[in-house]
Each structure stands twice: as C-alpha cells, then as structure tokens.
Amino acid sequence: MNDLSYAILQETPDDAEAIERLNARTFGPGRFAKSAYRLREEVAHIPELSFTARVGTLMVGSVRLSPIIVGAATKALLLGPLTIEPPFRNHGIGRKLIARALDEAKRKGHRLVVLVGDEPYYSRSGFKPAGKGRITMPGPADPARLLVAELEPGAFDGVSGAVRPDWPAA
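What you see is a predicted model, and the numbers here were worked out from it, not measured in a lab. (Residues numbered from 1 in each chain as written. Predicted model: local features only at pLDDT ≥ 70, side-chain atom pairs only at ≥ 80, totals over all residues. Heavy atoms only, no water.)

Caption draft 1: Seen up close, the environment of Ala7. Of note, Ala7 is situated in strand β1 (residues 7–10). The partly exposed category is assigned to Ala7, whose relative accessible area is 32%. Taking the C-alpha atoms as reference, Ala7 lies 9.6 Å from Thr57; in sequence the two are 50 residues apart. (Helix = DSSP H or I, 4+ residues; strand = E, 2+ residues; numbered from the N terminus. Buried < 20%, exposed > 50% of the residue type's maximum accessible area, 1.4 Å probe, protein only.)

Caption draft 2: The arrangement of the packing of aromatic side chains in detail. Evaluated as defined, the whole model comprises two aromatic pairs. Within the aromatic cluster, the residues linked to one another by ring pairs are Tyr121, Tyr122 and Phe127. The lysine or arginine in question, Arg134, covers the ring of Phe156, its NZ or CZ lying 3.8 Å from the ring centre. (Phe/Tyr/Trp six-rings, centres within 6.5 Å; stacked < 30°, edge-to-face > 60°. Lys NZ or Arg CZ within 6 Å of the ring centre and 35° of its normal.)

Caption draft 3: Unusual backbone geometry, seen in detail. Residue Pro81 is bonded to the preceding Gly80 through a cis peptide linkage, with omega at -5°. With respect to the element layout, Pro81 can be found in strand β4 (residues 74–84).

Caption draft 4: Geometry of the pairing of strand β8 (residues 146–150). Taking burial as the measure, the five residues of β8 include four buried ones, the bulk of the element. Bridge count between strand β5 (residues 112–116) and β8: five bridges; the pairing is antiparallel. Among the inter-strand pairings, Val113 is bridged to a residue of β8, identified as Ala149. Where strand β6 (residues 128–129) lies against β8, two bridges are found, and the strand directions are antiparallel. Opposite Lys128, over in β8, you have Val148 as the bridge partner. (Pairing = 2+ DSSP bridges.)

Caption draft 5: Spotlight on the nonpolar core. The biggest cluster of nonpolar side chains holds 27 residues, and the ones touching the most others in it are Leu79, Leu97 and Phe127. Those elements giving two or more residues to this core turn out to be β2 (51–55), β3 (58–70), β4, α3 (93–107), β5 and β8. Looking at which element gives the most residues to this core, the answer is α3, with six residues. Counting residues in hydrophobic clusters, the runner-up holds 17 residues, among them Ala36, Val70, Ile135 and Ala155. (Core = buried A, V, L, I, M, F, W, Y, C linked by side-chain atoms within 4.5 Å.)

Below you can see the structure in the form of structure tokens.
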C-alpha cells in the first residue's frame, strides 16, 4: 500500500455527517471532554480552511481549523480534529492534510495556529511547544501538548494567555 493514491479536497457542507462519523470512530465519546473539543463546541470551524482526504469516493481523513483568540486579542486558529481512518495511517495523509490547511490559512492572511497534540508528530509540520504556562486552554489540557505554528515569523512573539473562541470571526 505504499503507492496509495488519494486526493486532498476542501471540505463541503455534504461532508459534515461523514466527518462526524469518522471522528466518532477514531476518537470515541471521550473526545467531548477534551479542552479542544469544548472550544469547538462554541465556535464553528472555517470550511474554506478545512479539508478531507479521499481514496476514490471513500473519505479516509479530515482536518479542520477554527477561529480562536489567545490572551487579550491575538487572533489565531485551532487545528483539529485531525483524523485518519486507521487502515490508511502511515501513508502521509495526515501531514498532507495539515500542510494544505496551513498553506491555505497563510494564503488567507492568518499568522498563528495552535493545537493540542503530540510534538513528535506535529513538529514535522512546523509546530513547536508553546512553552510552559504561556498559553492555557479552558479545562484540562497537558501543557506539554500545547503546540503552536507560526505562519508568519514572529507571530507568537509576546503572545500569552487563555485560549477562547473567536465568535466574531465565525
């Protein structure tokens, strides 16, 4: 399966149900207790910055970006959920989804992306630890898993504080 052929496509309204089923299968019901999911319940993702991966007509992956504010007024995006059907993992689909989302976000003038995830995986896409205590999520979140990617050099300079939904941007 090393020559897996797949397409990365912008999310459409017709994808919503399939994405929810994919997230339910891969993350289970415990996902609703996580801080990042709590934020996403309060603000809609941005469809033009959200993408799916398909093998033929089968959706095998998805990534979404949602608008957030860090601290007093720093606009940013929250990456996630990123999910890949288990049989299709380890083929670079997740990295391609992230790259497409970050490229499009940068093209549209966004400067900073935050996520809660594993540094060894996400560092390959340009994410770095936010720094202990520098930013906080509502609810429980392991500070070591708070990662940021600057889409513009210096976008995270001087940024600190709590992460909250950016309702006006939604």
